Amino acid sequence: MLVLCNLTLFAKENHIYKNLDFLNLDKNQQEKLKKILISHKKRYEKFYVFKQEEEKKLQELIKQDHFDEEKYEDIAEEIEEEAVELEVKTLKKIHKILTKEQREKFSHYLQEWKVE
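Below or above, wherever it landed, is the structure these notes cover. Predicted, not measured: the structure shown is a model, and the values here were computed from it. (Residues numbered from 1 in each chain as written. Predicted model: local features only at pLDDT ≥ 70, side-chain atom pairs only at ≥ 80, totals over all residues. Heavy atoms only, no water.)

### Here's the deal with the pattern of salt bridges
Enumeration over the complete set of coordinates arrives at four salt bridges. Across the salt bridge formed by Glu-45 and Lys-41, the nearest N and O atoms sit 3.4 Å from each other. Taken as a pair, Glu-45 and Lys-41 lie in helix H1 (residues 27-63) at a separation of four residues, close to a single helical turn. On the basis of relative accessibility, which here comes to 22%, the residue Lys-41 falls in the partly exposed class. The salt bridge involving Lys-89 is made with Glu-85; its shortest N-O contact spans 3.1 Å. Here the residue Lys-89 and the residue Glu-85 both occupy positions in helix H2 (residues 69-97), the gap between them amounting to four residues, near one helical turn. Lys-89 gets classed as partly exposed once you look at its relative accessible area, which sits at 42%. (Salt bridge = Lys/Arg side-chain N within 4 Å of Asp/Glu carboxyl O. Helix = DSSP H or I, 4+ residues; strand = E, 2+ residues; numbered from the N terminus. Buried < 20%, exposed > 50% of the residue type's maximum accessible area, 1.4 Å probe, protein only.)

### Describing unusual backbone geometry
Of note in this structure, Asn-24 is not a glycine but carries a positive phi near 50 degrees. With respect to the element layout, Asn-24 can be found in the loop between strand S2 (14-19) and H1.

### Comments concerning the nonpolar core
Formed by Leu-20, Leu-23, Leu-25, Leu-33, Ile-36, Leu-37, Leu-91, Ile-94, Ile-97, Leu-98, Phe-106 and Trp-113, the largest nonpolar core amounts to 12 residues. Secondary-structure elements contributing two or more residues to this core are H1 and H2. Within the second largest apolar cluster, 10 residues are counted, among which are Tyr-44, Leu-58, Leu-61 and Leu-86. (Core = buried A, V, L, I, M, F, W, Y, C linked by side-chain atoms within 4.5 Å.)

### Quick word on the packing of H1 against H2
Contact pair H1 / H2: the axes reach a minimum separation of 10 Å and the direction vectors enclose 175 degrees. When the interaxial angle is binned, H1 and H2 end up roughly antiparallel. Taken together, the residues of the contact of H1 with H2 break down into 16 nonpolar, four polar and 11 charged. (Axes fitted to C-alpha atoms, helices over the stretch in contact; angles between N-to-C directions. Parallel < 35°, antiparallel > 145°, perpendicular 65-115°, else oblique. Nonpolar A, V, L, I, M, F, W, Y, C, P; charged D, E, K, R; others polar.)

### Description of the packing of aromatic side chains
Under the criterion given, the structure shown has six aromatic pairs. Between Phe-67 and Tyr-72, the aromatic rings sit 5.5 Å apart at their centres with planes inclined by 45 degrees, giving tilted as the arrangement. Residue class for Phe-67 comes out partly exposed when judged on its relative accessible area of 41%. (Phe/Tyr/Trp six-rings, centres within 6.5 Å; stacked < 30°, edge-to-face > 60°.)

### A closer look at H2
Helix length check: H2 (29 residues) gives 43 Å between terminal C-alpha atoms against 42 Å at 1.5 Å per residue, within 8%. Where H2 is concerned, the buried positions are Ile-75, Ile-79, Ala-83, Leu-86, Glu-87, Thr-90, Leu-91, Ile-94 and Ile-97. Here the buried face of H2 lies against H1 and helix H3 (100-106). (Expected span 1.5 Å × (residues − 1). Contact = heavy atoms within 4.5 Å.)

What follows is the structure in structure tokens.
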């Protein structure tokens, strides 16, 4: 299911592809990373459902005669907060298993790990 180093995960319609060959992970790190990514996938699927529900609320706000700016901001901020929390939890776990040199290399690819 998961090919380590060239890791491909699926979350609903979203395809998450992470190529980590450049990190030269040892077997222990690969196993730990596999568990982290499986957990990330499960949490992302929950986030995706949450995001879809909240976006429906945003759509309903737009349809109203009066635009509730404050409510719109609150919902949009909640979506962003949930995304950042998921991202941070995953990156913290990955950070923990990498060496200093691997973290240096990994830091150049943070944008690929942004939760949207």
